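Now for the letters of each chain:
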Amino acid sequence: IADRYWLLMVSALVMALGGGIFESPKAAAVATLTDETNRRRYYSTMGVVAGLGTAAGTQAGAFLIRADFSLVCMCGAVVFFVAAMLMVIFLPPIEVATEQHGLFEGIAFALHDKVFVTYAVLLMGHWFIATQFNISLILRATDVAGTESAVSWIFGIQSGVTILLGYPLPRLIERRVNAFTMLIFGIGLTALGMGLVASAINVPLLLGCVFIISMG
């Protein structure tokens, strides 16, 4: 229903706030509902399931957008609403914190943990690159391919890699290196793929870059 630019920006802001509010509790809930024996397996499985959803969602979106962009937005809103209702109905009450602390006290506590700060800085770089996948890479793909259908090709490759390798590949690598080294390697591989996008002059090269990024 956004028929003006400012209304579109407000809608995007509300959506961004919803996503930001969701991510931290989601991670806390996963940490609470799992233990050391199954946490890694759960995260890998969650990535595969997310890949399945992305694969289905992008292809459905590419099909629906031919009819009306508003239809795509409304369908997405309905899916999020259904997901919210499922969480309300099926998720048990989760108590993450055993003590109540102020906002700044919690931030100060986190800043004294050097390992956590290093981890957070690395993730800042990762999410900066990952955001470009949904912005710069989409624009580049449309420009190179000359059609908006290229968007579904990109997300199809990303989802395929996630579904096929999202669970077995980390399990295989973690036998040889620790999780922190694997994280650094993944960020480096993602950065390499994103850098190669600049020299991708045709669709096959661009899709190869998407494969490298998705592996990272």
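This is a predicted model, so every value here is computed, not measured. (Residues numbered from 1 in each chain as written. Predicted model: local features only at pLDDT ≥ 70, side-chain atom pairs only at ≥ 80, totals over all residues. Heavy atoms only, no water.)

## Some points on the overall build of the protein
Piece 1. Across its full length, the protein carries 10 helices and 0 strands.
Piece 2. Each of the three principal axes of the protein carries a C-alpha extent, and together these read 55 × 45 × 30 Å.
Piece 3. The long-range fraction of contacts in the protein, counting pairs at least 24 apart against all pairs at least 6 apart in sequence, stands at 64%. (Helix = DSSP H or I, 4+ residues; strand = E, 2+ residues; numbered from the N terminus. Contact = heavy atoms within 4.5 Å.)

## Notes on the pattern of salt bridges
Where charged atoms from two side chains of opposite charge approach closely, those side chains can pair.
Piece 1. Scanning the entire structure with this criterion turns up 1 salt bridge.
Piece 2. A salt bridge links arginine 140 to aspartate 143, with the nearest nitrogen and oxygen atoms 3.9 Å apart. Residue arginine 140 and its partner aspartate 143 are located together in helix H6 (residues 136-145), separated by 3 residues, close to a single helical turn. (Salt bridge = Lys/Arg side-chain N within 4 Å of Asp/Glu carboxyl O.)

## What to know about the nonpolar core
Piece 1. With 15 residues, the main nonpolar core has Phe133, Leu137, Ile154, Val197, Leu206 and Ile213 as its most contacted residues.
Piece 2. Listing elements by their share of this core, those giving two or more residues are helix H5 (114-133), H6, helix H7 (150-165) and helix H10 (203-215).
Piece 3. Here this core gets 4 residues from one element, more than from any other, and that element is H10. (Core = buried A, V, L, I, M, F, W, Y, C linked by side-chain atoms within 4.5 Å. Buried < 20%, exposed > 50% of the residue type's maximum accessible area, 1.4 Å probe, protein only.)

## Things to note about the side chain of threonine 34
Piece 1. Mapping threonine 34 onto the fold places it in the loop between helix H1 (5-33) and helix H2 (39-64).
Piece 2. With residues up to four places along the chain from it excluded, the contact list for threonine 34 reads Arg39 and Tyr42.

## Section: the environment of valine 88
Piece 1. If you trace the backbone, valine 88 turns up in helix H3 (residues 69-90).
Piece 2. Taking C-alpha positions, valine 88 is 14 Å from proline 25, a pair spaced 63 residues apart along the chain.

## Side note on H7
Piece 1. For H7, built from 16 residues, the straight-helix expectation of 22 Å at 1.5 Å per residue is met to within 8% by its first-to-last C-alpha distance of 22 Å.
Piece 2. Regarding H7, the residues found buried are Ala150, Ser152, Ile154, Phe155, Ser159 and Val161. (Expected span 1.5 Å × (residues − 1).)

## Digging into a nonpolar patch on the surface
Piece 1. Where nonpolar side chains cluster on the molecular surface, the patch consists of Val78, Phe81, Val82, Met85, Leu86, Val88, Ile89 and Phe90 and spans about 840 Å² of accessible area.
Piece 2. Take isoleucine 89: it is sitting in helix H3. (Patch = residues over 30% accessible without salt bridge, like charges linked within 9 Å, V, L, I, M, F, W, Y side chains within 5 Å. Areas by Shrake-Rupley, 256 points an atom, 1.4 Å probe, with all protein chains shown as cover.)

## As for the confidence of the model for the protein
Piece 1. Summing up the model confidence of the protein, the mean pLDDT is 78 and the portion of residues at 70 or higher is 93%.
Piece 2. Mean pLDDT per element in the protein: helix H4 (residues 103-111) is the minimum at 72, and H10 is the maximum at 85. (pLDDT = per-residue confidence, 0-100.)

## Observations regarding the environment of threonine 147
Piece 1. Structurally, threonine 147 can be placed in the loop between H6 and H7.
Piece 2. Measuring from C-alpha to C-alpha, the distance between threonine 147 and serine 199 comes to 19 Å, with 52 residues separating the pair along the chain.

## Some thoughts on the packing of H5 against helix H9 (residues 179-196)
Piece 1. At a minimum axis distance of 10 Å, the contact between H5 and H9 shows a crossing angle of 30 degrees. Looking at the two axes, H5 sits roughly parallel to H9. Seen along the crossing, H5 lies across H9 with a hand that is left-handed. Residues Thr118, Tyr119, Leu122, Leu123, His126, Ile129, Gln132 and Phe133 of H5 touch H9, and the partners they reach there are Phe180, Leu183, Ile184, Ile187, Thr190, Ala191 and Met194. (Axes fitted to C-alpha atoms, helices over the stretch in contact; angles between N-to-C directions. Parallel < 35°, antiparallel > 145°, perpendicular 65-115°, else oblique. Left-handed = near helix turned anticlockwise from the far one by under 90°.)

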